[in-house]
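Residues per chain, in single letters:
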Amino acid sequence: MTDNSFPAQQQEPPGLTAPMDPLPDHGEESYVGHDRLAGRRALITGGDSGIGRAVALAYAREGAHVAFTYLPEEAEDAAATSALVADTGREAVAIEADLRDSATCDRVVAQTVSELGGLDILVNNAGYQRARTENIEDLTDERIERTFTTNLSALFWLTRAAVKHLGPGASIINNSSIQAFDPSTTLLDYAATKAAINNATINLAAQLGPRGIRVNAVAPGPIWTPLQPATQTPEKIEKFGQDTPLGRAGQPAEVAPAFVFLASQADASFVSGTVLGVTGGKGVF
Ligand code: NAD
Ligand code: MG
């Protein structure tokens, strides 16, 4: 093993934080807030772990109250995120939800608004991928449906439910991927959803701009989160991230600041309709 390689490991989806070796860095020891999001109210889907947890922690340290969703299997990760947010003195609202139907997405937004007293920032972060599929003939109906519904339909349903609560200065941030620009053959379905997310980001920015709502996406490269051991082969995990120009995978803590920037009306008031790459050196165009 070298500094930039990982021990071979595997988990069942959706994957949990505790079994990961090494543990991801969500910014627990490093992230210092500067009140960039003081008093803002954020909803982060999939905030229990990985990038979503790092964003929840950073937002709370920037002064935001945070609601986030998690899957039933992820209760222990959700508790850890809640504790990190609560430690800052901000509100933490953990909502168990499988976002694969529109009524649930409506319920998540309604509960967020009722518990936080409104909504200013929506982070469509939850995502599903499953690698190990070389041929389109191997893509089952269930997998295609699951990938498209989780990554794309839920984003539409949540955004539709959220916009009526969002005022001028509000921000929507979608989690895209380097896969939208440089797709892996084994991620045919996932990569297509990420390209569609970029397209929807640009179009939503155009629709919602007149209401003063900004819409952007972050496109991460390889990031060390439970998604990876839960969906890649152990052999792929060993070399995970080594094909980036920086020669390594990123940590969730290295992605969260991009979500802070795009959420901040002080920093990004004229930034809308863009896709911000956090890729370790690969281009996002
Ligand atoms: P993660 O496993 O920590 O987070 C993904 C989350 O998605 C899970 O915690 C889960 O709560 C949620 N989720 C999955 N299916 C769901 C469903 N049906 N209903 C509700 N929630 C569901 O992994 P992560 O890497 O932090 O992923 C967050 C986002 O980042 C995803 O959209 C992913 O595509 C994107 N992304 C990750 C990487 C990477 O290398 N890790 C790279 C680019 C983009
Ligand atoms: Mg999780």
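Structural data are supplied above this passage.
Everything numeric here is computed off the predicted structure, so don't read it as measured data.

Bringing the overall build of the protein into the picture now. Scanning the protein for helices and strands turns up nine helices and seven strands. Its C-alpha atoms give the protein a radius of gyration of 17 Å, within 12% of the compact-globule value 19 Å for 285 residues. Each principal axis of the C-alpha atoms in the protein carries an extent, and together these give about 45 × 40 × 35 Å. Put simply, the protein has 285 residues, and 54% of those count as buried.

All right, on to the coordination of the magnesium ion (ligand 2) then. A metal bound by six donors in octahedral fashion has ideal angles of 90 or 180 degrees, whereas one bound by four tetrahedral donors has an ideal angle of 109.5 degrees. Protein-derived ligands of the magnesium ion (ligand 2) are Asp-48 (OD), Ser-49 (OG) and Glu-74 (OE), with the metal-ligand distances lying across 2.0 to 2.3 Å. For the magnesium ion (ligand 2), the donor residues sit on a single chain with the sequence spacing D-S-x24-E. Here Ser-49 is found in the loop between β1 (41–44) and α1 (50–61), whereas its partner Glu-74 is found in the loop between β2 (65–70) and α2 (75–86), with 25 residues between them in sequence. For the pair Ser-49 and Glu-74, one class covers both residues: buried.

What follows covers the side chain of Thr-81. For Thr-81, the position within the fold is in helix α2. What makes Thr-81 buried here is its relative accessible area of 0%. A polar contact is formed between the side chain of Thr-81 and the backbone oxygen of Asp-48, at a distance of 2.8 Å. Sequence-distant contacts of Thr-81, defined by excluding residues within four places in its chain, comprise Gly-47, Asp-48, Ser-49, Arg-53, Ala-56 and Phe-68.

Time to look at the site of ligand 1. Lining the immediate environment of ligand 1, one finds 29 residues, of which Ser-49, Glu-74, Asn-125, Tyr-190 and Thr-225 sit closest. For ligand 1, whose accessible area on its own is 800 Å², the fraction buried by protein is 97%. When contributions to the shell around ligand 1 are tallied by element, the ones reaching two or more residues are α1, α5 (188–208) and α6 (227–231). Taken together, the residues that form the shell around ligand 1 break down as twelve nonpolar, twelve polar and five charged.

Right, let's get into the pairing of strand β4 (residues 121–124). Here β4 shows no split at all, with Ile-121 and Val-123 on one side and Leu-122 and Asn-124 on the other all buried. Bridge count for β1 against β4 is three bridges, and the pairing is parallel. Looking across to β4, one finds that Ile-44 is bridged to Val-123. Relative to strand β5 (residues 171–175), β4 is paired through four bridges, and the arrangement is parallel. Directly across from Ile-121, in β5, lies its bridge partner Ser-171. As for the winding sense of the linkage, the β-α-β connection from β4 through helix α4 (residues 141–163) to β5 is right-handed.

Moving on, we come to the packing of aromatic side chains. Think of a pair of aromatic rings as described by two things: how far the centres are apart, and how the planes are tilted against each other in angle. Scanning the entire structure with this criterion turns up four aromatic pairs. Relative to Tyr-70, the ring of Phe-68 lies with its centre 6.4 Å away and its plane at 50 degrees, an arrangement referred to as tilted. Members of the aromatic cluster, each reached through a chain of ring pairs, are Phe-6, Trp-224 and Phe-240. It is Arg-146 that lies over the ring of Tyr-128; its NZ or CZ is 4.9 Å from the centre.

Each value, and the rule that gives it
Residues numbered from 1 in each chain as written. Chains lettered and ligands numbered in written order. Predicted model: local features only at pLDDT ≥ 70, side-chain atom pairs only at ≥ 80, totals over all residues. Heavy atoms only, no water. Helix = DSSP H or I, 4+ residues; strand = E, 2+ residues; numbered from the N terminus. Rg over C-alpha atoms; globule rule 2.2 N^0.38 Å. Buried < 20%, exposed > 50% of the residue type's maximum accessible area, 1.4 Å probe, protein only. Donors = N, O, S within 2.8 Å, 3.2 Å for Na, K, Ca; no water. Polar contact = N/O pair within 3.5 Å; in protein donor to acceptor, adjacent residues only side chain to side chain. Contact = heavy atoms within 4.5 Å. Near = heavy atom within 4 Å. Areas by Shrake-Rupley, 256 points an atom, 1.4 Å probe, with all protein chains shown as cover. Nonpolar A, V, L, I, M, F, W, Y, C, P; charged D, E, K, R; others polar. Pairing = 2+ DSSP bridges. Right-handed = clockwise from strand over helix to strand, strands pointing away. Phe/Tyr/Trp six-rings, centres within 6.5 Å; stacked < 30°, edge-to-face > 60°. Lys NZ or Arg CZ within 6 Å of the ring centre and 35° of its normal.

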